[in-house]
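If you want the building blocks of each chain, they are given just below.
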Amino acid sequence: MSRALPHSPPAVPHPPPTPCSPPATARSPLGTLLSGARHALPVLPVMAVIALLGLPIAPSGEGGASIADAMSGLVVLCCAVRLVRERRRPLSPGAVVILALPVVGIAVAAAGAASPGAGVTGLTRYLQIFVLVPAAVLLLVRDRRDFRLLAWSFVALALWQGAVGVHQYVTGTGASYQGEDVRAVGTFGPTDVMGMATVVAFGLVCALALALGSGPVRQRTSAVVCALALLPPLALSFSRGAWIATALACGAQLTLAGLRRAVKVGAVVAAVSVILVGGLGVGTAMLQERVDSITQVTDAPDQSVVDRYTMWAAAVDMWRDHPLTGVGLKGFPDHRDGHASLALSSGSDIGGAGTAYSKQPLLSPHNMYLLVLSEQGLIGLLTLAGSWLALLVCALRGLVRVRRTSSGTVAGRGRPAPSGLDCALVACGLLGWQLVDFVYADIGGPSTVLTGVCFGLVAWWALVDPASPVSLASEAAGHPALPAPPAPPAPLASRAAASPVSTPSPAAPSPEEASTR
């Protein structure tokens, strides 16, 4: 008895497979530039603030707002307009508390100022640098791509200012130093001798972090070249405080990135230093004398160090008279002579770089912590320094989270660096540099607005990035009541495989079909 074979349906020709994505077309350089500009549109105002610091500064000993300060006001305005249009909660409650904490001490000190004008001026400046500009930068940066773009902007500004500074040293057109116009000050002039040193140090810290990250080899190589190129102008700034802060910040970055890599990079930097100083003789005599003066600040201090120690003692004496609220914003110059000893000079000598010789009055103690302590008291110091300490702790915890969530990758052991490590190192390095430099300097001058941008970058990493312990994304992951951030869209090929119109899997055979097989 023959067994009947099941009737098979006629074969249906399958349509040709459709491509999952349209074929790639060559994009012109102009199209690539326009596409990148559209993506970077929210952070373009912040980049404009950085770029405007590359313009020459009119020599003036009276201070005042610069064009970069005016642009920072537009940045705050753009951020406010964006928040109103989107109508969303951009920050977690913990982030708001950390950012707004300095307002308490600043407002109390402004109320105790000697005059309403001084109180308003000081209140505006402190809010600009430590609250408004950092908050605006934090809210305008959307992702790590924007963060890296601003970090490269720091590097570009540093290269420009450094090139101007080296030219000033070589041609003898810089600020006056030991009777010669050789001090590199960039476009900031002799009235802000720390301006170029600050900018170059920020760029060096960012370049080193980008070199230690997980970007493409070409990008990391460019960052290494930029970092090495920024060493000579930093040395020619003759700023001992910037040297110390940069050395400590870069050392901390190398240690956080991996001990083996720290040893390798340290060897390269030592070799380059030997070549530049020993082989090429870059500023050998002056640099050696300036370096030696770092260890002689207690044994044989020069007049600038004596003035600094005298003003430090005067700031502490002011705080003792007003321990809680200080003498009020902008009150240090008015109370200086009543608390300083006779060792204080009448002012610092400035000249060169297109400016005639003159005396610059000593209006601050050149120590941010003592300035806040004398003018804002314990309330101001605890709120301001407490905010900085919270940012530092959150930034370091974010770095630890990045390293833990990168599948066990460890930098410096033959494996790729964790994704996001460069951003973490930029934030920790910038904040570490600033906290150390505040021991030798305070706010003032056209370059001060860059400090606000720096704190904004640090705050974004510490408070908004998904690796941050207080970001909305982290809270949504740990609390189901909060909406979790949307997942990134799946690739088109994966969606096609999961779509109901895709080729169905063969169904299980029926009992009749099983018996005929």
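Structure's up top.
The numbers attached to residues start from 1 for each chain and follow its sequence in the written order. Residues qualify for local features only when their pLDDT is at least 70, as the model is predicted, and side-chain atom pairs are given and counted only at 80 or more; totals for whole chains, interfaces and linings, by contrast, use all residues. For the side-chain quantities, the full set of heavy atoms in the structure was used; hydrogens and water were omitted.

> Outline the overall build of the chain, supporting the account with residue identities and numerical values.
For helices the rule is a DSSP run of H or I covering at least 4 residues; for strands it is a run of E covering at least 2, with both sets numbered from the N terminus onward. The helix and strand tally for the chain stands at 20 helices and 4 strands. For each residue, the accessible area found with a 1.4 Å probe, counting protein chains only, is set against the maximum for its type, and the residue is called buried under 20%, exposed over 50%, and partly exposed in between. Each of the 517 residues in the chain was classed as buried or not, and the buried ones make up 43%. Two residues qualify as a contact provided that any one of their heavy atoms is within 4.5 Å of a heavy atom in the partner residue. For the chain, the share of sequence-separated contacts (at least 6 apart) that also reach a separation of at least 24 residues comes to 76%. Only the protein chains shown count as cover for residues, and the accessible areas themselves come from Shrake-Rupley with a 1.4 Å probe. Of the accessible surface of the chain, which amounts to about 26000 Å², a share of 67% is contributed by carbon and sulfur atoms.

> Could you give an account of the packing of aromatic side chains, with specific residues and numbers?
Planes of paired rings set the category: under 30 degrees apart is stacked, over 60 is edge-to-face and the rest tilted, where pairs are Phe, Tyr or Trp rings (Trp by its six-membered ring) whose centres lie within 6.5 Å. Summed over the entire model, instances satisfying the criterion amount to 12 aromatic pairs. Their ring planes at 35° and their centres at 5.2 Å tell us that Trp388 and Phe438 sit as a pair that is tilted. With Trp388 in helix 15 (residues 368-404) and Phe438 in the loop between helix 16 (421-437) and helix 17 (448-463), this pair connects stretches of sequence that are 50 residues apart. Both residues of the pair, Trp388 and Phe438, count as buried.

> Account for the side chain of Asp442, with residues named and values stated.
Within the fold, Asp442 resides in the loop between helix 16 and helix 17. Two N or O atoms count as a polar contact when they lie within 3.5 Å, although within protein this holds only if one can serve as hydrogen donor and the other as acceptor, and sequence-adjacent residues are included solely when both atoms are side-chain atoms. In this structure the side chain of Asp442 is engaged in a polar contact, spanning 3.0 Å, whose partner is the backbone nitrogen of His366. Excluding residues within four positions of it along the chain, Asp442 makes contact with Ser364, Pro365, His366, Asn367, Met368 and Leu371.

> Help me get a handle on helix 8 (residues 217-229), residues and values and all.
Residue count minus one, scaled by 1.5 Å, sets the expected span of a helix. Taking 1.5 Å per residue as the helical rise, helix 8 with its 13 residues ought to reach 18 Å, and the 18 Å between its terminal C-alpha atoms agrees with that figure. On its buried face, helix 8 is in contact with helix 6 (144-171), helix 7 (193-212) and helix 9 (231-236).

> Would you mind going over the nonpolar core in detail, with residue names and values included?
Of all hydrophobic cores here, the largest spans 117 residues; its most connected members are Phe130, Trp461 and Leu463. Once you skip the residues sitting within four places of it in the chain, Trp461 turns out to touch Arg144, Phe147, Ala395, Gly398, Leu399, Val402, Gly420, Cys423, Ala424, Ala427, Ala467 and Ser468. We define a nonpolar core as any set of buried Ala, Val, Leu, Ile, Met, Phe, Trp, Tyr and Cys residues linked to one another through side-chain atoms lying within 4.5 Å.

> So what about unusual backbone geometry? Which residues, and what values?
Its identity as a non-glycine residue notwithstanding, Phe238 has a phi of 55°, on the positive side. Inspection of the secondary structure assignment puts Phe238 in the loop between helix 9 and helix 10 (240-257).

> Give me the lowdown on the environment of Val224, citing residues and values where you can.
Examined against the element boundaries, Val224 turns out to sit in helix 8. What makes Val224 partly exposed here is its relative accessible area of 38%.

> Please give an account of the pattern of salt bridges that cites residues and values.
One speaks of a salt bridge when a side-chain nitrogen belonging to Lys or Arg is within 4 Å of a carboxyl oxygen belonging to Asp or Glu. Per the counting criterion, the structure on display carries 6 salt bridges. Residues Arg82 and Glu86 are paired through a salt bridge, measuring 3.2 Å at the closest nitrogen-oxygen approach. Pair noted here: Arg82 and Glu86 are both in helix 3 (residues 67-86), with a separation of 4 residues, about one helical turn. What makes Glu86 partly exposed here is its relative accessible area of 37%. One salt bridge in this structure joins Arg142 and Asp146, with 2.9 Å as the shortest N-O distance. With relative accessibility at 34%, the residue Arg142 sits in the partly exposed group.

> So what about the pairing of strand 2 (residues 180-183)? Which residues, and what values?
As paired strands, strand 1 (residues 175-177) and strand 2 are joined by 3 bridges and run antiparallel to one another. Counterpart to Ala175 in the pairing with strand 2 is Arg183. Strand pairing requires that DSSP identify at least two bridges connecting the strands. Where strand 1 folds back on strand 2, the antiparallel hairpin that results is connected by 2 residues, among which Gln178 adopts a positive phi of roughly 55°.

> Give me the environment of Leu150: which residues, what numbers.
Relative to the helices and strands, Leu150 is located in helix 6. Leu150 sits 304 residues away from Cys454 along the chain, and the two C-alpha atoms are 9.7 Å apart. In this structure, Leu150 is in contact with Val43, Val46, Met47, Ile50, Val137, Val141 and Leu457, ignoring residues within four places of it in sequence.

> Mind laying out the side chain of Asp307, listing which residues take part and the relevant values?
Structurally, the position occupied by Asp307 is in helix 13 (residues 303-321). Accessibility expressed as a relative area gives 7% for Asp307, which makes it buried. Setting aside residues no more than four positions away along its own chain, Asp307 makes contact with Ala343, Leu344, Ser345 and Leu362.

> Could you give an account of helix 2 (residues 44-52), naming the residues involved and the relevant values?
Residues of helix 2 that are buried include every one of Pro45, Val46, Val49, Ile50 and Leu52, and no others. Where helix 2 is buried, its residues touch helix 3, helix 5 (116-140), helix 6 and helix 17.

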